[in-house]
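Per-entry structural report
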Amino acid sequence: MSRARIAVLVSGGGTNLQALIDAEKKGIIKSGKIELVISNKEGAYALERAQKADIETAVVSKKQLGSQSAFEAGIIKLLDEKKIDIIVLAGFMVILSEEFTKRYPERIINVHPSLIPSFCGEGFYGLRVHEAALSYGVKVTGATVHFVNEIPDGGRIIMQKAVSIREDDTPETLQKRVMRLAEWKILPASVEKVCAGLISK
Ligand code: GAR
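Bear in mind the structure is a predicted one, so any value in this text is a computation, not a measurement.

About the thresholds
- Residues numbered from 1 in each chain as written.
- Predicted model: local features only at pLDDT ≥ 70, side-chain atom pairs only at ≥ 80, totals over all residues.
- Heavy atoms only, no water.
- Axes fitted to C-alpha atoms, helices over the stretch in contact; angles between N-to-C directions.
- Helix = DSSP H or I, 4+ residues; strand = E, 2+ residues; numbered from the N terminus.
- Parallel < 35°, antiparallel > 145°, perpendicular 65-115°, else oblique.
- Left-handed = near helix turned anticlockwise from the far one by under 90°.
- Contact = heavy atoms within 4.5 Å.
- Near = heavy atom within 4 Å.
- Polar contact = N/O pair within 3.5 Å; in protein donor to acceptor, adjacent residues only side chain to side chain.
- Areas by Shrake-Rupley, 256 points an atom, 1.4 Å probe, with all protein chains shown as cover.
- 1 Å grid on protein atoms, 1.4 Å probe; cavity = no way out; pocket = protein on both sides within 12 Å on 5 of 7 lines; lining within 4 Å.
- Sits in = over half its atoms within 2 Å of the grid points.
- Nonpolar A, V, L, I, M, F, W, Y, C, P; charged D, E, K, R; others polar.
- Pairing = 2+ DSSP bridges.
- Buried < 20%, exposed > 50% of the residue type's maximum accessible area, 1.4 Å probe, protein only.
- Right-handed = clockwise from strand over helix to strand, strands pointing away.
- Phe/Tyr/Trp six-rings, centres within 6.5 Å; stacked < 30°, edge-to-face > 60°.

How two helices pack is summed up by the angle between their axes together with the distance between the axes. Where helix α1 (residues 15-26) meets helix α2 (residues 45-52), the closest approach of the two axes is 9 Å, and the angle between their N-to-C directions is 15°. Put simply, α1 runs roughly parallel to α2. Helix-helix and strand crossings are classified by hand; for α1 and α2 the assignment is right-handed. In this structure, α1 contributes Thr 15, Leu 17, Gln 18 and Ile 21 to the contact, and α2 contributes Ala 46, Arg 49 and Ala 50.

Okay, the site of the ligand next. In the region of the ligand, 14 residues are neighbours, and Gly 14, Thr 15, Asn 16, Gly 126 and Glu 183 sit closest. Contacts to the ligand include Asn 16, whose side-chain N or O atom sits 2.9 Å from an oxygen atom. Contact with the protein chains covers 92% of the free accessible surface of the ligand, which is 450 Å². A molecule is said to occupy a pocket when more than half its atoms come within 2 Å of that pocket's grid points, and by this definition the ligand occupies the largest pocket. Sorting the residues of the shell around the ligand by element identifies α1, β5 (108-112) and α7 (171-199) as the ones contributing at least two each. Considered class by class, the residues forming the shell around the ligand number six nonpolar, seven polar and one charged.

What follows covers the sheet that holds strand β3 (residues 56-59). Strand order in this open sheet of seven strands is β3-β2-β1-β4-β5-β6-β7, and the pairing throughout is mixed. Whereas interior strands pair on both sides, the edge strands pair on one side only; in this sheet they are β3 and β7 (157-164). On average, each strand axis in the sheet is tilted by 20° relative to the strand beside it, whichever way the strands run. Bridge analysis of strand β1 (residues 4-10) against strand β2 (residues 32-39) gives seven bridges, and the strand direction is parallel. Counterpart to Ile 6 in the pairing with β2 is Ile 34. Against the sheet, α1 makes contact with β1, β2, β4 (86-89) and β5, and its axis sits at roughly 160° relative to β2, the strand it touches most. Across the sheet, α7 touches β1, β2, β4, β5, β6 (140-147) and β7, and the angle it forms with β7 is around 160°.

Of all seven residues making up β1, six are buried, and the element is well covered by its neighbours. The parallel pair β1 and β2 is bridged by α1, and the resulting crossover is right-handed. In this structure, β1 lies alongside β4, joined through four bridges in parallel fashion. Pairing of Ile 6 across the sheet is with Ile 86, part of β4.

Attention now goes to the side chain of Glu 72. Its location among the elements puts Glu 72 in helix α4 (residues 68-81). Excluding anything up to four places from it in sequence, Glu 72 contacts Ile 95, Leu 96, Ser 97 and Phe 100.

Here we come to the packing of aromatic side chains. Under the criterion given, the structure shown has three aromatic pairs. Centre to centre, the rings of Phe 71 and Phe 92 are 6.4 Å apart; their planes meet at 10°, and the pair counts as stacked. Here Phe 92 lies in the loop between β4 and α5 (98-103) and Phe 71 lies in helix α4, a separation of 21 residues in the sequence. As far as burial versus exposure is concerned, Phe 71 and Phe 92 are alike and both buried. An angle of 50° between the planes, with centres 5.1 Å apart, marks the rings of Phe 100 and Tyr 104 as tilted. Accessibility expressed as a relative area gives 1% for Phe 100, which makes it buried. Owing to a relative accessible area of 10%, Tyr 104 belongs among the buried residues under this scheme.

Remember that the coordinates give geometry; whether it matters functionally is a separate question.
Below, the structure written as structure tokens:
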């Protein structure tokens with residue numbers, strides 16, 4: 001294998017996807033190539049970002065397919081067709097079943113906007129994570145990139161980066177700073193690390 005084939009799963013704005021696209025262009029990600037972007041939401045801005053970068057896109061909607069198993073079967077079909085090696089969850093707001101995660105052991109990577117094991121697991125996603133960190137009163141938060149297993153946010157940690165909380169932070173200002181200082185750096189770095197490990201096997 002010369003480069004690992006990457007699929008990125010998204011639900012929203014896709015700034016982490018953008019960080020991956022930019023890192024590939026800059027050669028920070030050199031052991032893998034983004035071959036496919038799948039969104040569970042039609043109209044997600046992340047899809048436009050992928051199209052602008054000439055990456056194939058697809059929408060797989062759980063609402064339209066009616067069940068989690070049909071939704072996951074739709075994703076698996078696309079991953080098989082494109083012979084995907086590594087799946088990156090970049091702001092993907094759906095919890096995947098054990099059946100799905102067991103199919104790809106240490107092949108699914110997620111970015112989470114806190115220092116796991118704080119503020120993670122079911123119900124902790126997006127802005128809610130930062131709201132929880134601020135209301136708890138922690139002085140340091142950050143981001144974590146980890147492998148995905150059957151426990152939500154429970155897989156082996158690949159990288160973490162800490163970010164200080166400011167007195168005047170709101171969930172929105174904190175979210176932006178955690179993205180800029182942590183997520184957009186450690187996600188591409190982790191993807192390169194995992195892809196490099198895979199192609200050297
Ligand atoms: C990011 O902060 C990501 O860490 C978080 O959602 C945001 C998506 O932003 N993911 C989770 O909370 C997953 N549990 P993006 O669409 O701009 O990358």
